[in-house]
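Notes for the structure review
Read off the chains here:
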Amino acid sequence: MPSDTSRLPAPARILNLLAGGWLAQAVSAVAELGVADALADGPRSVHDLAAATGTHAPSLHRLLRTAADAGLLEELDEQAFALTELGQALREDSPGSLRNFAIWTGLPAERHAWTGLADAVRTGRTAFPDVHGASVWDYLGEHPDVLTVFDKAMTEASRGIIAPVVAAYDFGAFRTVVDVGGGRGALLAAVLDANPGVSGTLYDRPEVVSQAEDTLRAAGVRDRVRLVGGDFFDTVPGGGDAYVLSNIIHDWDDELSRRILRNCRTALGDDGRVLLVEAVLPERPRPTPTVSLMDLDMLLVAGGKQRTAGEFEVLLEKSGLRLTRIVPGGHCSVVEAVAA
């Protein structure tokens with residue numbers, strides 16, 4: 001595809017936009033087949049790569065050409081390919097790996113949900129149950145192989161969020177940080193590692209927090225963390241002066257989000273803070289469509305939404321909280337609120 005499409009006729013530019021869906025599937029296939037890992041030690045021929053990845057060489061060659069056109073690979077002489085800097089992010093062992101996130105976007109669970117976009121816009125209903133016959137959470141529970149990819153994908157996505165957020169916001173101002181829906185504790189571990197005087201509570205479903213031990217011990221903070229299992233729709237543990245919800249609220253509609261936030265307000269002291277780590281949807285102009293596409297994905301898959309600053313302000317107000325500031329922290333920001 002040409003790098004500058006602005007001078008192409010409108011039909012050709014539309015075709016380029018539509019081909020984006022094909023390209024995403026190609027990237028997902030490159031990730032699923034482990035091509036980047038097979039190229040970790042240097043260039044290889046198509047036939048070597050086919051043997052390493054268990055694929056049909058002529059068909060693999062066609063995929064690799066597309067990956068090279070997209071900048072993931074470099075096409076060399078005699079049907080050989082090398083990994084580019086961009087392609088390194090699809091290696092399983094890369095520090096910034098998005099391999100499983102790429103695989104997830106190509107799985108039927110995620111990709112087929114997008115076939116329901118027009119119906120979701122007509123009805124306002126989440127597409128996933130109509131397409132798959134169950135909510136995304138029930139579907140994942142019934143498909144452990146997909147759940148494994150999804151969990152790894154979310155872990156990979158969080159890596160790029162955590163460090164900028166921890167650097168941007170002063171978590172050292174608090175005594176106890178409660179990570180609500182904190183999963184296996186990656187964010188909380190990073191917060192405590194950067195702020196030795198702070199203790200934490202990790203709160204999530206019992207079967208989830210039970211898997212946090214390795215993460216917390218690897219960060220050297222296990223002795224400062226209380227593990228609590230429960231359901232944030234029912235209650236949130238007390239004892240914190242900061243309640244962090246990282247990419248939790250965007251999973252839910254306004255009614256369910258208010259239920260979670262009101263539980264946080266009930267647990268919150270008068271001088272505490274509720275901190276939402278979220279990608280805030282920019283008002284116009286939006287520099288890229290990434291966050292607005294994420295918003296559509298929330299509509300289709302989970303039934304949630306990405307929100308603008310104004311929408312966060314209204315949501316918080318209706319939950320007994322008051323927006324005080326939004327601190328940018330890379331892809332995500334920290335939306336800070338106090339008791340109203």
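First, a word on what this report is: a plain description of the structure on this page. (Residues numbered from 1 in each chain as written. Predicted model: local features only at pLDDT ≥ 70, side-chain atom pairs only at ≥ 80, totals over all residues. Heavy atoms only, no water.)

Below, the discussion takes up unusual backbone geometry. Despite not being glycine, Glu78 shows a phi value in the positive range, around 55°. Turning to its location among the elements, Glu78 is positioned in the loop between strand S2 (73–76) and strand S3 (80–83). Residues other than glycine seldom take positive phi values, yet Asn247 does so here, at roughly 50°. For Asn247, the position within the fold is in the loop between strand S7 (242–246) and helix H14 (254–267). Here Asn247 falls in the buried class, since its relative accessible area comes to 18%. (Helix = DSSP H or I, 4+ residues; strand = E, 2+ residues; numbered from the N terminus. Buried < 20%, exposed > 50% of the residue type's maximum accessible area, 1.4 Å probe, protein only.)

Taking strand neighbours across the sheet as the criterion, the three strands line up as S1-S3-S2 in an open arrangement whose pairing is antiparallel. Pairing within the sheet leaves two strands with one partner each, and these edge strands are strand S1 (44–45) and S2. In terms of strand pairing, S1 meets S3 through two bridges, oriented antiparallel. Of the residues in S3, the one forming a bridge with Arg44 is Phe81. (Pairing = 2+ DSSP bridges.)

We now examine the environment of Leu300. Relative to the helices and strands, Leu300 is located in helix H15 (residues 290–302). Each C-alpha atom of the pair Leu300 and Asp119 lies 9.8 Å from the other, and the pair is 181 residues apart in sequence.

Our focus in this paragraph is helix H10 (residues 144–168). Compared with the 36 Å implied by 1.5 Å per residue over 25 residues, the 36 Å span of H10 between its first and last C-alpha is a close match. Along H10, the largest kink reaches about 30° and is centred on Arg159. For H10, the set of buried residues is Val146, Val149, Phe150, Ala153, Glu156, Ile161, Ile162, Val165 and Val166. (Expected span 1.5 Å × (residues − 1). Bend = angle between axes of the 7 residues up to and from the residue.)

Moving on to H14. Here H14 contains 14 residues, and its C-alpha end-to-end distance of 20 Å stays within 8% of the 20 Å for a straight helix at 1.5 Å per residue. All of the buried residues in H14 are Ser257, Ile260, Leu261, Asn263, Cys264 and Ala267. Looking straight down H14, one finds that the buried residues subtend no more than 150° of arc, so they occupy a single side. With respect to the buried face of H14, the exposed residues turned more than 90 degrees away are Glu255 and Thr266. A distance of 3.3 Å separates the backbone nitrogen of Glu255 from a side-chain oxygen at the start of H14, and that oxygen is part of Asp253. (Arc of directions from axis to C-beta. Polar contact = N/O pair within 3.5 Å; in protein donor to acceptor, adjacent residues only side chain to side chain.)

This part is about a nonpolar patch on the surface. Residues Ile14, Leu17 and Leu18 make up a contiguous nonpolar surface patch of roughly 340 Å² in combined accessible area. Turning to its location among the elements, Leu17 is positioned in helix H1 (residues 10–32). For Leu17, a relative accessible area of 65% puts it in the exposed group. (Patch = residues over 30% accessible without salt bridge, like charges linked within 9 Å, V, L, I, M, F, W, Y side chains within 5 Å. Areas by Shrake-Rupley, 256 points an atom, 1.4 Å probe, with all protein chains shown as cover. Salt bridge = Lys/Arg side-chain N within 4 Å of Asp/Glu carboxyl O.)

Under the definition given, this model contains zero disulfides. Of the cysteine sulfurs around Cys264, a residue in no disulfide, the closest is that of Cys332, at 17 Å. The class of Cys332 is buried, set by a relative accessible area of 1%. (Disulfide = S-S within 2.5 Å.)

Moving on: the pairing of S2. Pairing between S2 and S3: four bridges, direction antiparallel. Bridging across to S3, Glu75 finds its partner in Phe81. What sits between the antiparallel neighbours S2 and S3 is a turn of three residues, in which Glu78 has the positive phi angle 55°.

On to the pattern of salt bridges. Tallied over the full model, the rule gives 15 salt bridges. For Asp37, the salt bridge is made with Arg99, and the minimal N-O distance between the two is 3.9 Å. Of this pair, Asp37 sits in helix H2 (residues 35–38) while Arg99 sits in helix H5 (residues 99–106), placing them 62 residues apart in sequence. A relative accessible area of 29% places Asp37 in the partly exposed class. One salt bridge in this structure joins Arg125 and Asp130, with 3.1 Å as the shortest N-O distance. Its relative accessible area of 47% is what places Arg125 among the partly exposed residues. A single network of salt bridges, built from pairs that share partners, joins Asp37, Glu92 and Arg99.

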